[in-house]
Amino acid sequence: MTQIFKLKLCIIGEHACGKTSLIKNFVEGAYSKDYRPTIGSNLFIKKLAFRANDGEDYQFTITAWDIAGQERWQSMRHTYYRGAQGVFIVGDLTRKNTFHQIDKFWIDDFRKNMDTPIPIILLANKKDLDGEISEEHVREMAERQKIDKVLFTSAKTGYHVNEAFIAMIKSCIGIDSIIPIPL
Ligand code: G3D
Ligand code: MG
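The structure presented is a predicted model; accordingly, all values stated were derived computationally and were not measured.

1. Quick notes on the packing of helix α3 (residues 96-111) against helix α4 (residues 135-144)
Packing of α3 against α4 leaves a shortest axis separation of 10 Å and a crossing angle of 10°. Here α4 runs roughly parallel to α3, going by the angle between their axes. Across the interface between the two elements, F99, I102, D103 and I107 of α3 pack against V138, M141 and R144 of α4. Grouping the amino acids of the contact of α3 with α4 by side-chain chemistry returns 5 nonpolar, no polar and 2 charged.

2. Thoughts on the side chain of T153
One can find T153 in the loop between β7 (149-152) and α5 (161-173). For T153, a relative accessible area of 0% puts it in the buried group. A distance of 2.9 Å separates the side chain of T153 from the side chain of N125, its partner in a polar contact. Setting aside anything within four residues of it in sequence, one finds T153 in contact with L22, L123, A124, N125, K126, K127, Y159 and H160.

3. Things to note about the site of ligand 1
Taken together, 16 residues form the shell around ligand 1, and within it A16, K19, S21, D128 and A155 come nearest. At 2.7 Å from an oxygen atom of ligand 1 is found a main-chain nitrogen or oxygen belonging to A16. A155 is positioned such that a nitrogen or oxygen atom in its backbone is 2.8 Å from an oxygen atom of ligand 1. In isolation ligand 1 has 650 Å² of accessible area, and contact with the protein removes 63% of it.

4. Here's the deal with the packing of helix α1 (residues 19-27) against α5
Each pair of packed helices gets described by two things: the angle between the helix axes and the distance between those axes. Relative orientation of the contacting elements α1 and α5 amounts to 90°, with a least axis distance of 9 Å. Relative to α5, α1 is oriented roughly perpendicular. Judged by residue contacts, L22, I23, N25 and F26 of α1 engage V161, N162 and F165 from α5. Per-class residue counts for the contact of α1 with α5 are 5 nonpolar, 2 polar and no charged.

Cut-offs and rules
Residues numbered from 1 in each chain as written. Chains lettered and ligands numbered in written order. Predicted model: local features only at pLDDT ≥ 70, side-chain atom pairs only at ≥ 80, totals over all residues. Heavy atoms only, no water. Axes fitted to C-alpha atoms, helices over the stretch in contact; angles between N-to-C directions. Helix = DSSP H or I, 4+ residues; strand = E, 2+ residues; numbered from the N terminus. Parallel < 35°, antiparallel > 145°, perpendicular 65-115°, else oblique. Contact = heavy atoms within 4.5 Å. Nonpolar A, V, L, I, M, F, W, Y, C, P; charged D, E, K, R; others polar. Buried < 20%, exposed > 50% of the residue type's maximum accessible area, 1.4 Å probe, protein only. Polar contact = N/O pair within 3.5 Å; in protein donor to acceptor, adjacent residues only side chain to side chain. Near = heavy atom within 4 Å. Areas by Shrake-Rupley, 256 points an atom, 1.4 Å probe, with all protein chains shown as cover.

This is the structure in C-alpha cells:
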C-alpha cells in the first residue's frame, strides 16, 4: 500500500544565503512549479516516493515556501510559517553574521510562532567557498539551540542538497530507513 503525504516546508534566513538556490537545485529536473504570487514568496512543488524497510511505500508532495525580498522585514513572514511541518534555516558560511542572526533572530522568530514543535534543520550553505565561520562554531550554535540536524551544503555544486530534503522527510515522518524509488 502507498501512503500519501503532503509536506509544507519553509526555508528561512537572511537575504542572499542561498535559500532560493537550494530549493531550485533540489527541484531541478523533476516536476516542479514556480510562481510568484503578490505576497512576496515563491512556492516550489516536488513529488517524491520512498520505500521503507517494511516494504511500505510513501509518496510525498513537498511544497517548499521560499521567502523573497527583504526577508526579515516582511510583514507576511508569519503567515508562511502557518501549518509548516518542517523548516530549513539557512546561513551563509562566507558571512558569519548570517549565523549570528539565526542565533539571535530566526530560531526564536520561528519557534514563537509555532503551536507545536516541528523539525528544524540548519543548512550551512556555500560550502564550496572559503568560510568565515568554522564548522565547529556552527555545530556549537545548533546544539545550544537544540536544532535537530545540521548539514553543510552547496547549492552551487549540489553538495548535500538532496540529503537535506531526505533528512527533513525522515524527521517529519519519524522513519529513518527509507530509500528513494521512482514515482
Ligand atoms: P536567497 O534566496 O537566500 O536570497 P539566493 O539567496 O539563492 O538568491 O543566492 C544568493 C547568491 O548566492 C546568488 O548569487 C547565488 O548564486 C549565490 N549562491 C547561493 N548558494 C550558493 C552556494 O552554495 N555557493 C556559491 N558559491 N554561491 C551560492 P548572485 O550572484 O546571483 O546574487
Ligand atoms: Mg531568495
